[in-house]
Amino acid sequence: VDFDLILEKVKDLNVLAGEGISQIEYTSGGARLRQPDPLPLTLYQNGIAMFNGPFRPYEDPSTQQCLQDIMDGYFPSELQNRYPDGI
(Lines give C-alpha, C1' and ligand atoms only; values in the text may rest on other atoms or scores of the structure.)
Protein backbone atom coordinates (compact mmCIF):
# COMPACT_ATOMS: atom_id res chain seq x y z
CA VAL A 1 0.00 0.00 0.00
CA ASP A 2 1.39 3.38 -1.04
CA PHE A 3 0.55 5.47 2.02
CA ASP A 4 2.15 8.61 0.59
CA LEU A 5 -0.05 8.43 -2.52
CA ILE A 6 -3.17 7.78 -0.46
CA LEU A 7 -2.44 10.74 1.82
CA GLU A 8 -1.76 13.00 -1.18
CA LYS A 9 -5.02 11.95 -2.86
CA VAL A 10 -7.02 12.34 0.38
CA LYS A 11 -5.71 15.92 0.67
CA ASP A 12 -6.80 16.61 -2.92
CA LEU A 13 -10.24 15.09 -2.27
CA ASN A 14 -10.61 17.15 0.91
CA VAL A 15 -10.09 20.31 -1.13
CA LEU A 16 -12.71 19.14 -3.65
CA ALA A 17 -15.12 18.42 -0.80
CA GLY A 18 -14.77 21.98 0.50
CA GLU A 19 -12.33 21.61 3.36
CA GLY A 20 -12.03 24.93 5.18
CA ILE A 21 -15.09 26.40 3.46
CA SER A 22 -18.05 27.17 5.66
CA GLN A 23 -21.60 26.42 4.58
CA ILE A 24 -24.69 28.42 5.46
CA GLU A 25 -27.04 26.55 7.75
CA TYR A 26 -30.45 28.13 8.09
CA THR A 27 -32.07 28.10 11.52
CA SER A 28 -35.45 29.24 12.82
CA GLY A 29 -33.88 32.49 14.03
CA GLY A 30 -31.69 33.18 10.99
CA ALA A 31 -28.58 31.43 9.76
CA ARG A 32 -25.11 30.44 10.88
CA LEU A 33 -21.91 29.23 9.28
CA ARG A 34 -20.86 25.66 9.84
CA GLN A 35 -18.03 23.44 8.67
CA PRO A 36 -18.94 20.23 6.81
CA ASP A 37 -18.77 17.11 8.95
CA PRO A 38 -15.53 15.19 8.39
CA LEU A 39 -15.50 11.66 7.04
CA PRO A 40 -13.12 9.76 9.33
CA LEU A 41 -10.64 7.46 7.62
CA THR A 42 -7.99 5.70 9.69
CA LEU A 43 -5.09 3.96 7.98
CA TYR A 44 -3.37 1.10 9.76
CA GLN A 45 -0.39 -1.01 8.79
CA ASN A 46 -2.69 -3.89 7.85
CA GLY A 47 -6.05 -2.25 7.06
CA ILE A 48 -8.41 0.73 7.35
CA ALA A 49 -11.44 1.92 9.28
CA MET A 50 -13.99 4.42 7.95
CA PHE A 51 -16.61 6.25 10.02
CA ASN A 52 -15.08 4.71 13.14
CA GLY A 53 -16.55 1.50 11.78
CA PRO A 54 -15.18 -2.01 11.73
CA PHE A 55 -11.58 -2.73 10.85
CA ARG A 56 -11.18 -3.68 7.18
CA PRO A 57 -8.02 -5.60 6.19
CA TYR A 58 -6.24 -4.62 2.99
CA GLU A 59 -6.85 -8.13 1.61
CA ASP A 60 -10.62 -7.55 1.60
CA PRO A 61 -11.84 -6.82 -1.97
CA SER A 62 -14.08 -3.93 -0.83
CA THR A 63 -11.11 -2.33 0.95
CA GLN A 64 -8.97 -2.72 -2.16
CA GLN A 65 -11.69 -1.08 -4.28
CA CYS A 66 -12.05 1.77 -1.79
CA LEU A 67 -8.33 2.48 -1.78
CA GLN A 68 -8.08 2.12 -5.56
CA ASP A 69 -10.83 4.74 -5.97
CA ILE A 70 -8.89 7.10 -3.69
CA MET A 71 -5.58 6.46 -5.46
CA ASP A 72 -7.31 7.13 -8.80
CA GLY A 73 -8.42 10.51 -7.44
CA TYR A 74 -12.08 9.66 -6.83
CA PHE A 75 -14.26 9.54 -3.77
CA PRO A 76 -14.82 5.87 -2.87
CA SER A 77 -17.75 4.49 -4.87
CA GLU A 78 -19.06 2.80 -1.72
CA LEU A 79 -20.01 6.26 -0.41
CA GLN A 80 -22.60 6.82 -3.16
CA ASN A 81 -25.41 5.30 -1.09
CA ARG A 82 -24.55 7.41 1.94
CA TYR A 83 -24.01 10.61 -0.09
CA PRO A 84 -26.27 10.34 -3.19
CA ASP A 85 -25.86 14.07 -3.93
CA GLY A 86 -22.08 13.95 -3.52
CA ILE A 87 -19.72 14.63 -0.63
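As a reminder, the structure under discussion sits directly above these lines.
Bear in mind that the values here come from a model prediction, so they are computed numbers and not experimental data. (Residues numbered from 1 in each chain as written. Predicted model: local features only at pLDDT ≥ 70, side-chain atom pairs only at ≥ 80, totals over all residues. Heavy atoms only, no water.)

Observations regarding the overall build of the protein chain
- Within the protein chain, the regular secondary structure consists of two helices and five strands.
- The helix and strand sequence of the protein chain, counted from the amino end, reads α-β-β-β-β-β-α.
- Taken against the 2.2 N^0.38 rule, which gives 12 Å for 87 residues, the C-alpha radius of gyration of the protein chain at 15 Å runs more than 25% over that of a compact globule.
- Residues counted as buried form 18% of the 87 residues belonging to the protein chain. (Helix = DSSP H or I, 4+ residues; strand = E, 2+ residues; numbered from the N terminus. Rg over C-alpha atoms; globule rule 2.2 N^0.38 Å. Buried < 20%, exposed > 50% of the residue type's maximum accessible area, 1.4 Å probe, protein only.)

Description of unusual backbone geometry
- With a phi angle near 55°, F51 is a residue other than glycine that sits in the positive phi range.
- By the secondary structure assignment, F51 is in the loop between strand 4 (47–50) and strand 5 (56–57).
- Take F51: its relative accessible area is 24%, and that puts it in the partly exposed class.
- In this structure, N52 is a non-glycine residue whose phi angle is positive, near 55°.
- Checked against the element boundaries, N52 lands in the loop between strand 4 and strand 5.

A few points about helix 2 (residues 61–71)
- All of the buried residues in helix 2 are T63, C66, L67, D69 and I70. Along the long axis of helix 2, the arc covered by the buried residues comes to 155°, so they all point the same way.
- As for helix 2, its buried residues are in contact with helix 1 (3–16), strand 3 (41–43), strand 4 and strand 5.
- Following helix 2 by one or two positions, G73 has its phi on the positive side, about 90°. (Arc of directions from axis to C-beta. Contact = heavy atoms within 4.5 Å.)

Details of the nonpolar core
- One finds I6, L13, I48, M50, Y58, C66, L67, I70 and L79 forming the largest nonpolar core, which totals nine residues.
- Looking at this core, the elements with two or more residues in it are helix 1, strand 4 and helix 2.
- With three residues, the top contributor of residues to this core is helix 2.
- Setting aside chain neighbours within four positions, we find I70 in contact with I6, K9, V10, L13, L41 and P76. (Core = buried A, V, L, I, M, F, W, Y, C linked by side-chain atoms within 4.5 Å.)

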